[in-house]
Structure formats: C-alpha cells, structure tokens
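Listed below, chain by chain, are the residues.
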Amino acid sequence: MGLRSGSSRRLEQEGQAPTQGVLGRLGAVRRAQQITTYGVGSMVAIGDQSFLVSGLDSWKVGRDFDIREPRLESDLGVRGFHLPPASDPPAGDGVRVRRFPTTYSCQGCGALKPYSGFNSPKGRGYCGQCDRAVTPSRFIVACSKGHLSEFPYWEWTHRQQEAASAPSTDRCRMKLISTGRTASLRSIVIQCSCGKKASLEGAFSRKAMARLGIICEGHRPWLGDQARQPGCGEALRALQRGASAAWFPMVRSALTIPPWHKALMQLVMRREHRRHLVGKVDESIIEYAVDEGWLADGRYAPADIVDAVRTLEAAEREEDADPENPDVLELADRLRTEEFRQLSSTTEDTPENQHFVCVPAGAPAGSPTVPGVEQTMLVKRLREVRALTAFTRVTAPMPSDPPGRRARLHRGGVSWLPAIEVIGEGVFVQLDTDRLRAWESTVESEPAGTRVRGLRQRHLKMLRNRGDTQPQSSVSPRLVLVHTLAHALINEWSLDCGYPAAALRERLYVSDEMAAFLLYTATSDSAGSLGGIIAQGLPDRLASSLDSALRRISWCSADPLCMEADANGADGLNLAACHACVLLPETSCELNNILLDRALLVGSPELGITGYYSQEDE
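Note that residues are indexed from 1 along each chain, following the sequence as it is written. Local features in this predicted model are restricted to residues whose pLDDT is 70 or higher, and side-chain atom pairs enter the listing and the counts only when it is 80 or higher, whereas totals over whole chains, interfaces and linings include all residues. Values shown for side chains rest on all heavy atoms present in the structure; no hydrogens or waters enter the calculation.

*Asks:* Help me understand the overall build of the protein chain in this model?
*Replies:* Counting secondary structure elements, the protein chain contains 16 helices and 23 strands. Each of the 618 residues in the protein chain was classed as buried or not, and the buried ones make up 53%. Working rule for contacts: check all heavy atoms of both residues, and any pair within 4.5 Å makes them a contact. Contacts in the protein chain between residues far apart in sequence, at least 24 positions, make up 67% of those at least 6 positions apart. Accessible surface, the protein chain: about 27,200 Å² in total, of which carbon and sulfur atoms supply 47%. The numbering of helices and of strands both runs from the N terminus, where a helix is a DSSP run of H or I of at least 4 residues and a strand a run of E of at least 2. Only protein chains enter the area calculation, which uses a 1.4 Å probe; residues under 20% of their type maximum are buried, those over 50% are exposed, and those in between are partly exposed. Areas reported as accessible are Shrake-Rupley estimates using a 1.4 Å probe. Residue values count occlusion only from the protein chains shown.

Below, the structure written as structure tokens:
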C-alpha cells in the first residue's frame, strides 16, 4: 500500500502493492492481510511512523466486482466484493491511510506534541530543533465500540489539579522522559512546562480514564478527522499502539458450493455478461450466448445457459439475511446448513466443477473402520470467500455482539465489502448420529453435563457483559465435543502431514441435525494445496491419526490441574483445555480457542465423566 500527500494518504499492496505518492514508496502488505491484519481501521507501522487504514469510502475500485459469491452476498446484504486495490492499473492505486497517532515524541529533547509541530523536513521524521528522530506515541485509547483517540497526556499529567487552576493546553509544553530505571510504566514520565509531572504507572487499568472523567466521544479517525459517532459515552481503555487488542477483524466466509461452483455460473455472474442475460427471455439469452461463442464445439448447451441465468435471477430475488442479527455462533445458520448438505453428498470431479469437488473416502477391503464416525468425504477442491464486515477493539468479537459494538468500515453509501478468495482442499468428518445421541443422553446426568451447563452460564454472562440484553447460547455437549475433536485432529495432522497447525483451519457444523467439521487448508494462490490433507481422510489414515490423537490428549503435562479445571481460558469459557493439549493458533480456530473440553472426548473416571471415545475404542 502507498502514501499520498494530505491527511489521507495511499497505502498500496503487494500483489500486492507498494506505498508511494508524493512521499515515495513507504511500505507494502499482502492483499490477504487487508482482511485479517491490516484492514480498515487498523494501524500500520511503516518505518518509524504510524498510519491508520482509511475507510472504504476512500478506496478506488472498479465498477466490476472482483469476487462474486451469491450466498455470502445475500447473507451480508451487499452487491458484491472487491479485492483490496493494488498499485498497478487496472487493479487500482492502493489504499489510503491517515497518520495516527498524530502525537509524536522526540528521541533527543523528549518533546511531546503533534507531528506537525516538529517542523520536520519534508518526508523526514526529525525534530526541527535537535535534528533527532521523532517517533509516534506508544499509547492510544480506545473503547469497546471501536472508537479510537489520542492518549490524553495533558489530562493524565494534570489529573490532580483543579480545572479552574489548570494551565491552558496552549501554554503547556509536554515532554516524555524515560528514566530507564525499570522496564515498567513507572519509568515513563510525562513532564509539563508548568512543573507538573506524572509517570504512566496505572494508565492501563480498566478505570484509569474514568477516574480522569474522560469518556469516549466517538472518534473515528479512519473515516476522517471530523468523523464522530455522538453519544458513545463508553469507558476508554489505554492500549499500546501495536497491541493485538487495538484491532480485531470480523470476517464472514462461505464456501462456493453447487450450483455456484460451476465455471458456467461464474461466467454468467460477470458484470459484462449478466447485464445482457438477467431479465431477458430465453431467445435473447441464447442469441447472446451464440454471439459470445459459448455454444461453439459443444462447450455448453442452450438449456444449460438458460438454467444458469434463471438460477442467478432466483438467487437475486431471495430475501437477504439480516447482517445486524447473525446467529450466535454461526455454526448452524443458513450458510452452514447448505454447506453441510453439499458436503454430505457427492460432487464429481469434472472440468466444469471448477470450485467444488467432494467424493466419499472409499475404504479398501480389510481396512479398519473409523470409530465414532458416520461419514468421511474428501473435498478435493474448494473455494472459500472471506469478507471483512466490521471490526472491534479492546475485546475480541463474537458473532452475537450487538451492532453498536461493531465499528463500521465506511460512512455509508457503499454497497460492497473487501474480500479475498482462497483455494484449497479438506476432509469433511461427520460423527455417528446414533452413538452421539446415546452419549449425549448419558452425559446429561453426569458431572460432564454439569460442567457444560456451567460453561453455558459463563457464555451467557459474557454476552450480557457485552451489551446483549437477550443473550442466547448454543453451548452444548455436542458443540464442545465436535470442536475439541477438530482441534485434536488438527494438532495430530500437523505432526503427520507436513502442514503446520497454523496452515490448517476448522469449519464447524453443529445443530440438532448436524455434528460435523471440515478440516482444510487454503491459500490465495490459484494452485491451492498439494493433496497432503486429502490423504489424511482415507479410512486407514484417519483411523490411525484419530487413535494417536486420542492417546495424545488423554494426558496433558498440566494435569491434573488441566483436567480438573472448572474454568479455563478467556472468560472461563474452556474446561480441560490448555496450550499443552488442544489449543490451536488463532488462525486455525473459528471460535477464538474457547468452548473446549478434552474430558468429553476421552473421559475421566476420576471425575465420573464418560467420554465419547471410551477405553474400549482405543
């Protein structure tokens, strides 16, 4: 991404795109990072300066959508998706950024003031007085609704002084002094020319800003200097500029499944074609297809083209889902239910099936059965579209978060979202329905049922604390079991198939009618992956890796504390789960490493818990 002069600059991407403009090239990020790491509202460190990625209003994108995924478009209520613009035409001219924070400090004289006040030479971050480098403020403040502001250094330094006797901010000259005595905030001292000074010790406590009488005023600097959301009033939290809590993306995704997986459907959805097809009579559609050469050499039949257009028209007439009120955990919504049905059935490998091939994992004669598994499907080809819908700060997002907690990507009037598409492969595993129901009826009256009910109550409490007035929790023994089993297999496969755990992902399908998961790997490269995951889905390999995974998690180096824990992890939303047994890298888990309990998998005689996989299965 690149920079352009003025308050809104340009950040280009590799591929990507460099950052340039009148200030020259400043840096680059990958397009995929614009969805997961450096999206709208996030801070990007470029050299010794810091910038904030601007809203979608400032992005220059073409009229034609780069990515189409009708199911996800309907779910999010948008018309299509654009790739983050790169620097080279026709891909665009990069993504705009704004300087943030604007407060800088000099490494020489310690002056603490706005960047413009240093009189730096053009393109150089140097103090005009001592010719030493200036660096952006290490500290910012944010609220749980995504708003962002400069750290209130003046208010912090004068916090014990009456307002009437406090000097004007215009007359104060602030300095940041690091004593170097310790590595704590106590060694960072803010000194004012009026004689007041204070260390930053205690600035990161939850109520530090409230004690100063400072509440959020709704600043949204990524949308412009004057962009505010009045009436916020949330408590502000001090954060380090590079802290992970400064920006959490909210990403929605969907697999491309029949009928959208076919090359013909992708063809008729392209803007230059659809305007000549949608809403037209059959004869006009066929005439256009002939003119475009689609019927030459028997490539497509006229009836196939008409059917594809009518399917597209029917999808556009469907009522859009309400993006403001998604399902609590997204594991049983419309998208997942449709995907579950397709993953449970066969889609043959043909040239026309461009984005989805799913076949049964055939078991050779004499091969071992996979205990507890009803069906295994090899997804030899898949396409996933991932769209950035919003973001949060301070606390990680949950799908059930109230709309007010999601920071917007634009001011309004934008009918698209930024997205990327990834290509890959995976293995779909569905648990044995009869065995699962028998196990659920058993554990309901056991200590395991009590543990899960406590987990559900903590989940409801967490939702209430986030402002949900009528929280609903889908936490159940089934969900915890399926989720933990997916984690156990990912950890095992990472040791066996050559992919690191961070390269593998889970996709859960859990409801009263579903108990399954898809483990897959996918990249933005058109070639996708190389077949290593598919091999893990073959019955003999799956049975072996499942047995090994169960043996591995039956004991944890943190036991007995891990197994006997009543609450683990963030908000106490884990049971027997820690980094030594079943937790995964953040990129792999779609539930932020919560709602896990290996006791439900392997059992615990000491605790009176019956596991889904009893000892006789091992």
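Next comes the rest of the account.
*Asks:* Whenever I open this one, the nonpolar core confuses me. Can you help?
*Replies:* As used here, the term nonpolar core means buried Ala, Val, Leu, Ile, Met, Phe, Trp, Tyr and Cys residues forming a set that is joined through side-chain atoms within 4.5 Å. Counting 71 residues, the largest nonpolar core has W493, F517 and L601 as the members making the most contacts within it. Among the elements that line this core, the one with the most residues is helix α12 (residues 477-496), at ten residues. Ignoring sequence-local partners within four residues, the contact set of W493 consists of V427, G498, Y499, L504, L519, I533, Q536, L542 and S545. Grouped together as the second largest cluster of nonpolar side chains are 61 residues, L56, V379, V422 and A522 included.

*Asks:* Got a minute to help me understand the pairing of strand β9 (residues 103-106) in this structure?
*Replies:* Consecutive side chains along a regular strand alternate between the two faces of the sheet. Where burial is concerned, the two faces of β9 agree: the one with T103 and S105 and the one with Y104 and C106 are both buried. Whether two strands pair depends on DSSP finding at least two bridges between them. Examined bridge by bridge, β9 and strand β10 (residues 111-114) share three bridges and lie antiparallel to one another. Residue S105 lies in a different strand from β10, and its bridge partner there is L112. Hairpin connection from β9 to β10: four residues lie between these consecutive antiparallel strands, with G110 at a positive phi of about 80°.

*Asks:* Hey, could you run me through the pattern of salt bridges in this one?
*Replies:* Close approach of charged atoms allows side chains of opposite charge to pair. Counted as salt bridges are all cases of a side-chain nitrogen of Lys or Arg within 4 Å of a carboxyl oxygen of Asp or Glu. Within the structure shown, the criterion is met by 23 salt bridges. Put simply, R478 and E440 hold a salt bridge, and the shortest N to O gap is 2.9 Å. Of this pair, R478 sits in helix α12 while E440 sits in helix α10 (residues 433-443), and the two are 38 residues apart along the sequence. Residue R478 is classed as buried on the basis of its relative accessible area of 8%.

*Asks:* Would you mind showing me how to read the pairing of strand β18 (residues 248-255) here?
*Replies:* Taken across its eight residues, β18 has six buried, putting it largely inside the fold. Relative to strand β20 (residues 373-392), β18 runs antiparallel, the two being bridged by eight bridges. Of the residues in β20, the one forming a bridge with P249 is F391.

*Asks:* Explain the packing of α10 against α12 here, please?
*Replies:* At a minimum axis distance of 10 Å, the contact between α10 and α12 shows a crossing angle of 120°. Our classification of the angle between α10 and α12 gives oblique. Between α10 and α12 lies a crossing whose hand is right-handed. Within the contact between the two elements, α10 uses L436, R437, W439, E440 and V443 and α12 uses P477, R478 and L481. In the contact of α10 with α12, the residues fall into five nonpolar, no polar and three charged. Here the axes come from fitting lines to C-alpha atoms, over the contacting stretch only for helices, and the angles between their N-to-C directions go from 0 to 180 degrees. By definition in this entry, angles of less than 35 degrees are roughly parallel, angles greater than 145 are roughly antiparallel, angles of 65 to 115 are roughly perpendicular, and the rest are oblique. Crossings are classed by handedness, with left-handed meaning an anticlockwise turn of the near helix from the far one by less than a right angle and right-handed meaning a clockwise turn. Ten residues, namely Ala, Val, Leu, Ile, Met, Phe, Trp, Tyr, Cys and Pro, are considered nonpolar, four, namely Asp, Glu, Lys and Arg, are considered charged, and the remaining ones, Gly among them, are considered polar.

*Asks:* What am I meant to see in the packing of aromatic side chains here?
*Replies:* When we look at a pair of aromatic rings, we describe it by the centre distance and by the angle of the planes. Think of it this way: a Phe, Tyr or Trp ring, Trp meaning its six-membered ring, pairs with another when their centres are within 6.5 Å, and the plane angle makes it stacked under 30 degrees, edge-to-face over 60, tilted otherwise. On inspection of all chains with the given rule, the structure shows 13 aromatic pairs. Ring geometry for F139 and F151: centres 6.2 Å apart, planes at 55°, overall tilted. With F139 in strand β12 (residues 139-142) and F151 in the loop between β13 (148-150) and α3 (153-157), the pair connects residues that are twelve residues apart, well separated along the chain. Neither F139 nor F151 differs from the other in exposure class; each is buried. An angle of 55° between the planes, with centres 4.8 Å apart, marks the rings of F151 and Y153 as tilted. Within the aromatic cluster, the residues linked to one another by ring pairs are F139, F151, Y153, W156 and F204. Here, a charge over a ring is recorded when the distance from Lys NZ or Arg CZ to the ring centre is within 6 Å and its angle to the ring normal is within 35 degrees. Its guanidinium or amino end placed over the ring of Y115, R99 lies 3.8 Å from that ring's centre, counting from NZ or CZ. Just above the ring of F118 sits the side chain of K113; from NZ or CZ to the centre is 5.0 Å.

*Asks:* What is the right way to read the sheet that holds strand β11 (residues 134-136) from this model?
*Replies:* What holds strands together in a sheet is hydrogen bonding between their backbones, with the strands either parallel or antiparallel. Strand order in the open sheet formed by six strands is β11-β9-β10-β14-β15-β16, with antiparallel pairing between adjacent strands. Since the sheet does not close on itself, it has two edges, and those belong to β11 and β16 (197-199), each with one partner. Geometrically, the sheet is characterised by an average inter-axis angle of 30° between neighbouring strands, direction not taken into account. One ladder, built from five bridges, connects strand β14 (residues 174-178) with strand β15 (residues 188-192); its direction is antiparallel. Note on β15: the bridge partner recorded for S178 is I188.

*Asks:* What is the right way to read helix α9 (residues 334-343) from this model?
*Replies:* Because an α-helix completes one turn every 3.6 residues, residues spaced three or four positions apart along the sequence face the same direction. Those residues of α9 lying buried are L335, R336, E339, F340 and L343. One face of α9 carries all of its buried residues, which in axial projection span an arc of 130°. As used here, the arc is the angular range of directions from the helix axis to the C-beta atoms.

*Asks:* When you look at the sheet that holds strand β17 (residues 237-240) in this model, what are you seeing that I'm missing?
*Replies:* Taken in spatial order, the three strands make up an open sheet running β13-β12-β17, and their pairing is antiparallel. A single partner strand is all that each edge strand has here, and the edge strands are β13 and β17. Taken pair by pair, the neighbouring strands of this sheet meet at an average axis angle of 40°, ignoring direction. Bridging between β12 and β17 involves four bridges; their strand directions are antiparallel. What sits directly across from V141, in β17, is A238.

*Asks:* Looking at this structure, how should I read the environment of A210?
*Replies:* Tracing the backbone shows A210 in helix α4 (residues 208-211). A relative accessible area of 48% places A210 in the partly exposed class. Between the C-alpha atom of A210 and that of R237, which follows or precedes it by 27 residues, the distance is 9.1 Å.

*Asks:* In this structure, what is going on with helix α14 (residues 539-553)? I would like to understand it.
*Replies:* Across its 15 residues, α14 extends 21 Å between first and last C-alpha, which sits within 8% of the 21 Å expected from 1.5 Å per residue. The secondary structure elements touched by the buried residues of α14 are β20, β21 (416-431), α12, α13 (532-536) and α16 (599-602). For a helix, the expected span equals 1.5 Å multiplied by the residue count minus one.

*Asks:* What's the story with unusual backbone geometry in this structure? I'm lost.
*Replies:* Apart from glycine, the bulk of residues carry a negative phi angle, and the bulk of peptide bonds sit in the trans form. The peptide bond linking F100 to P101 adopts the cis configuration, its omega dihedral lying at -5°. Counting through the fold element by element, P101 comes out in the loop between β8 (95-99) and β9. Cis geometry is adopted by the peptide bond preceding P560, which originates at D559 and carries an omega value of 5°. Its place among the elements puts P560 in the loop between α14 and α15 (561-564). For D131, which is not glycine, the phi dihedral falls at a positive 60°. Relative to the elements of secondary structure, D131 occurs in the loop between β10 and β11. The exposure class of D131 is partly exposed, given its relative accessible area of 49%. One non-glycine residue, N592, lies in the positive phi region at around 60°. Counting through the fold element by element, N592 comes out in the loop between α15 and α16.

Fair warning: the whole summary comes from geometry, so function is off the table for now.
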